[in-house]
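Observations on the three-dimensional arrangement
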Amino acid sequence: MKNADFELTETALKRKHKGKLFCKSRRVESIYIVREEVANIVCDNIPADDATVLEINPGPGVLTRRLLDSGVKQLRAFESNDEFLPYMMKLQKEHPEKLTIIPHNLTALSSIAARDKVTRENNALSMFEGIRSQPWDSDPPLRIVGVITQRRYTFVRHLLFRISSMSGIYSLGRCELLLFLPHKEYWYMTAQPGQELSRYRAAAVHYNLFYDIEMLSKVPRAYFHPPLPKRPEKSIAKKRFIYRLSPCSKISPTTVTCTWLD
């Protein structure tokens, strides 16, 4: 492909990826970061440590390139859509020692782990192969970044209920999440005892017990693609909020068996 084929202007992206990046639907599987302003917000909130960064649905690679240029030491880009793989392959040629392409959707981790439990295979584990575990009171071994859609909130719930048993990614250590989340998930993250049961449920209890949660910034929903259909929206739905979810260091893993399948 020519260099012109990798242009990241909105006009160029619309010409090449109208179906994926510009379809106006309320029930999309993936939302992509295609603006430098959003990529900068993510990178400005990543500390300079040795954690491997896992990027969800990089699409045309706007955030991917910014992460690589910002000094991230190891980056794994989880892109399952063949339409966007050429962007990833181009970046990998430029950064062969830093970028690994994994052709899977990371937000489907719960489904992959469930199949592994039945088949006794290690597909979920293989996605994290080579990442060294760290003591619980040390820096995070990995950091997951990206955008979670309402349809894929189960990915966060999967991680949420894994932390209580120190299984899944948390068998590696205090893995950090840096995610743009649907506003509805914020209701559960901030729910307190005594509030209505529609908010204060098992998820809210887990959030309060196991994570230190920080809201870092809010970004207009129009900065992401695909766009929302043009219809009246609640003001909060017109924003996307980025949160840092850091596992509490006071949790003791010493009494828990750390595995992927338990």
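Bear in mind the structure is a predicted one, so any value in this text is a computation, not a measurement. (Residues numbered from 1 in each chain as written. Predicted model: local features only at pLDDT ≥ 70, side-chain atom pairs only at ≥ 80, totals over all residues. Heavy atoms only, no water.)

**Some details on the nonpolar core**
Within the largest apolar cluster, 40 residues are counted, with the highest numbers of intra-cluster contacts made by Phe128, Ile144 and Tyr211. Broken down by element, the residue count for this core peaks at four residues, all from helix α8 (residues 153-162). Discounting residues that sit within four places of it in the chain, Ile144 has contacts with Leu54, Ile56, Leu106, Phe155, Leu159, Ile169, Glu176, Leu177, Leu178 and Leu179. Core analysis: the second largest hydrophobic core is formed by 32 residues, Val38, Val53, Leu67 and Ile242 among them. (Core = buried A, V, L, I, M, F, W, Y, C linked by side-chain atoms within 4.5 Å. Buried < 20%, exposed > 50% of the residue type's maximum accessible area, 1.4 Å probe, protein only. Helix = DSSP H or I, 4+ residues; strand = E, 2+ residues; numbered from the N terminus. Contact = heavy atoms within 4.5 Å.)

**A short note on the pairing of strand β3 (residues 75-78)**
The alternating pattern of β3 places Leu75 and Ala77 and Arg76 and Phe78 on opposite faces, both of which are buried. Chirality of the crossover, the property in question, places the unit of strand β2 (residues 52-56), helix α4 (residues 62-70) and β3 among those that are right-handed. The pairing of β3 with strand β4 (residues 99-102) spans four bridges and is classified as parallel. Residue Arg76 lies in a different strand from β4, and its bridge partner there is Thr100. Following the backbone out of β3, through helix α5 (residues 85-94) and into the adjacent parallel β4, one traces a crossover that is right-handed. (Right-handed = clockwise from strand over helix to strand, strands pointing away. Pairing = 2+ DSSP bridges.)

**Examining the confidence of the model for the protein**
On average, residues of the protein score 84 in pLDDT, and 82% of them reach the 70 mark or higher. Taken as a whole, residues 254-262 scores under 50 in pLDDT and shows 25 contacts with residues more than four places along the chain or in a different chain. (pLDDT = per-residue confidence, 0-100.)

**Re α5**
Here α5 has its buried residues at Leu85, Tyr87, Met88 and Leu91. The buried residues of α5 occupy an angular sector of 155° when projected down its axis, which confines them to one face. (Arc of directions from axis to C-beta.)

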